[in-house]
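Architecture at a glance
The residues making up each chain are set out below.
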Amino acid sequence: MTPNYESWSKDELIARLRELEAKTHAKSPTSKKSFHFSSHPKRKIAIKFCYSGWEYNGLAYQNGPTPLPTVEDVLFRAFVKARLIDETGGLDGCGWEKCGRTDRGVSAAGQVVSLWDAPQNTSLQPPTRHELRYVSILNRLLPPTIRVLAWSPISPDFSARFNCKHRHYKYFFTSHGLDISLMQSAADRLVGEHDFRNLCKLDPGKQITNFRRCVVSAQINPVSPIYVFDLVGSAFLYHQVRHIMAVLFLVGTGVEQPSIISALMNVSPTESNPSPESQLPLVDRKPEYQMADALPLMLWDCAYADSDVTWQTDDDGAESGTGSDLYHQLHSIHQRSLIHATLDEHFLSAATQYHSPPPQYFPFSHTGLTRHTLPRSNLGREPVLGVPLGAGTYKRSAKYTPLLDRKRLDHVDVANERWRIGRGSKNSNQKTPSDDGVE
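What counts as what
- Residues numbered from 1 in each chain as written.
- Predicted model: local features only at pLDDT ≥ 70, side-chain atom pairs only at ≥ 80, totals over all residues.
- Heavy atoms only, no water.
- Helix = DSSP H or I, 4+ residues; strand = E, 2+ residues; numbered from the N terminus.
- Polar contact = N/O pair within 3.5 Å; in protein donor to acceptor, adjacent residues only side chain to side chain.
- Buried < 20%, exposed > 50% of the residue type's maximum accessible area, 1.4 Å probe, protein only.
- Pairing = 2+ DSSP bridges.
- Core = buried A, V, L, I, M, F, W, Y, C linked by side-chain atoms within 4.5 Å.
- Contact = heavy atoms within 4.5 Å.
- Phe/Tyr/Trp six-rings, centres within 6.5 Å; stacked < 30°, edge-to-face > 60°.
- Salt bridge = Lys/Arg side-chain N within 4 Å of Asp/Glu carboxyl O.
- Patch = residues over 30% accessible without salt bridge, like charges linked within 9 Å, V, L, I, M, F, W, Y side chains within 5 Å.
- Areas by Shrake-Rupley, 256 points an atom, 1.4 Å probe, with all protein chains shown as cover.
- Axes fitted to C-alpha atoms, helices over the stretch in contact; angles between N-to-C directions.
- Parallel < 35°, antiparallel > 145°, perpendicular 65-115°, else oblique.
- Left-handed = near helix turned anticlockwise from the far one by under 90°.
- Nonpolar A, V, L, I, M, F, W, Y, C, P; charged D, E, K, R; others polar.

1. Some points on the side chain of R167
- Following the sequence through the fold, R167 ends up in strand β5 (residues 166–173).
- Within the structure, the side chain of R167 is placed 3.0 Å from the backbone oxygen of R161, a separation counted as a polar contact.
- Of the polar contacts made by the side chain of R167, one reaches the backbone oxygen of S234; its length is 2.6 Å.

Here it is in structure tokens:
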């Protein structure tokens, strides 16, 4: 018979709650079977996955609170919930390594992590199969914005970071106001090994002294109805792709010449001249400029030798298999995005019935204008230029200051030394973040 709690006093209710809590705790040790990871053999695996960067506070796990969750934290917790790794050891305990760190807002279609797991049968794993169905197990526990695509058994000495042969980034943009041929001419100068200190974010906390990186390919390709900048290299510096893209936008509008890329890589008198021009200014300190928006940037692929990984899924080929489910999920997201894009296009069309488009000044190569021949308004005012930063964002100003005429940051050596004797001396035991594939 259920007691009449309404007639009970406060002290009686509190005593009853404590009694019920005690009974619950007494049952808990026998209600769930204890699980010991040490009793199961371990092996090393690699996981390839994709994620929507705008939903997360970057890839890397953070010790402190963040406005949005991080991809690593969500993925790690899915592994823990599936009882594939031991939570108590954290990321270090399972040898967790990522191929490339992506910053807040940056997405990935082929990110890779490697780790040690305990491949026992779990409550989520059918006991009749010989191999764990990693794709289906993890995707059932992950949000739709993170999808595991494939997995591979790997050797004990494999490293997702150091075994990577090259990283491929994509940056998507529209051609509005841009001369694609000029942008490609500038991009061609990136290929090869160069010093990219003026085309990345300088962070003294990383104490980087070697800014030389090798770019394998830099191509701008049409992806109807937009374009994509495909950049392939062995490794990248902090925000390197977004800085490169910002300068390419300047070249595309016509406010800078393609040779600006060569000039920004001419950092010391001993540098071999990477430009067809006979003379280049020495740019040993980075000029101030704003990097491109994060939204259109994607880590497309992390490439490994065939002998290192054998990517596989757990789809049995049936119509209702895991692969089909994953495809349908991503296809639905894509279809919904197309509907949103069409709606936005019609909003713009409705607005043009009452609001005329502003004058088009860019690209100068198409309009015949220059920075010095821009038309003034009837009131004698200079026009406001909107230099694209990607994803529909612009840097608006009535006057444009050429990159090489702008204020320069401190030399790298000066900034590094100031950090060492200041903040660095207080944090001497902290790990220095890697810069391979960082964006």
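2. Considering the pairing of strand β4 (residues 146–153)
- In terms of burial, β4 is largely enclosed, as six of its eight residues are buried.
- Of the strand pairs in this sheet, strand β1 (residues 43–51) and β4 are connected by seven bridges, and their pairing is antiparallel. Residue pairing in the sheet places I45 in a bridge with P153 of β4.

3. Some points on unusual backbone geometry
- Here S224 and P225 are connected by a cis peptide whose omega angle stands at 5 degrees.
- Mapped onto the secondary structure, P225 falls in the loop between β7 (212–223) and β8 (226–233).
- Looking along the chain, the bond that leaves F362 and enters P363 is cis, with omega of -10 degrees.
- Following the sequence through the fold, P363 ends up in the loop between α8 (322–351) and α9 (364–367).
- With a phi angle near 60 degrees, A391 is a residue other than glycine that sits in the positive phi range.

4. Points about the nonpolar core
- Formed by 95 residues in total, the largest nonpolar core has its most connected members in I47, F49, F79, L190 and F229.
- Once residues lying within four places of it in the same chain are set aside, the contact partners of L190 are F196, L199, V215, A218, F229, I244, I261 and M265.

5. Digging into the environment of T70
- Take T70: it is sitting in the loop between β1 and α2 (71–81).
- Assessed through its relative accessible area of 4%, T70 is described here as buried.
- Along the primary structure T70 and N57 are separated by 13 residues, whereas in three dimensions their C-alpha atoms are 4.9 Å apart.
- Setting aside residues no more than four positions away along its own chain, T70 makes contact with Y56, N57, G58, L59, A60, Y61 and Q62.
- At 3.3 Å, the side chain of T70 and the backbone nitrogen of D73 are in polar contact.

6. Overview of the packing of aromatic side chains
- Enumeration according to the criterion identifies 10 aromatic pairs in this entry.
- With a centroid separation of 5.9 Å and an interplanar angle of 85 degrees, the aromatic rings of F79 and W96 are classed as edge-to-face. With F79 in helix α2 and W96 in the loop between α3 (90–93) and β2 (97–98), the pair connects residues that are 17 residues apart, well separated along the chain.
- On the basis of relative accessibility, which here comes to 9%, the residue W96 falls in the buried class.
- Between F173 and Y227 the ring centres are 6.2 Å apart and the planes differ by 25 degrees, which places this aromatic pair in the stacked class.

7. Examining the pattern of salt bridges
- Under the criterion given, the structure shown has 10 salt bridges.
- We note a salt bridge from R197 to D195, for which the minimum N-O separation is 3.0 Å. In terms of burial, R197 and D195 fall into one category: buried.
- Residue R420 is joined to E417 by a salt bridge in which the shortest nitrogen-to-oxygen separation is 2.5 Å.

8. So, the side chain of Q111
- Take Q111: it is sitting in strand β3 (residues 107–117).
- Classification of Q111 as buried rests on a relative accessible area of 0%.
- Reaching out from Q111, the side chain makes a polar contact with the side chain of Y51 at a distance of 3.3 Å.
- Engagement of the side chain of Q111 in a polar contact is seen with the backbone oxygen of G100, the distance being 2.6 Å.

9. Considerations on a nonpolar patch on the surface
- Where nonpolar side chains cluster on the molecular surface, the patch consists of I339, L343 and F347 and spans about 330 Å² of accessible area.
- Mapped onto the elements, I339 comes out in helix α8.
- For I339, a relative accessible area of 54% translates into the label exposed.

10. A closer look at the packing of helix α5 (residues 180–188) against helix α6 (residues 240–253)
- Between α5 and α6, whose axes approach to 8 Å, the crossing angle comes to 135 degrees. Viewed along their axes, α5 and α6 adopt a mutual orientation that is oblique. Where α5 crosses over α6, the two elements pack in a sense that is right-handed. For the pair formed by α5 and α6, the contact residues are L182, M183, A186 and A187 on the first element and M245, L248, F249, V251 and G252 on the second.
- Across the contact of α5 with α6, the residue classes tally to eight nonpolar, one polar and no charged.

11. Thoughts on helix α4 (residues 134–141)
- For α4, the buried fraction is high: six of the eight residues fall into the buried class.
- Along α4, the positions that sit buried rather than exposed are Y134, V135, S136, I137, L138 and N139.

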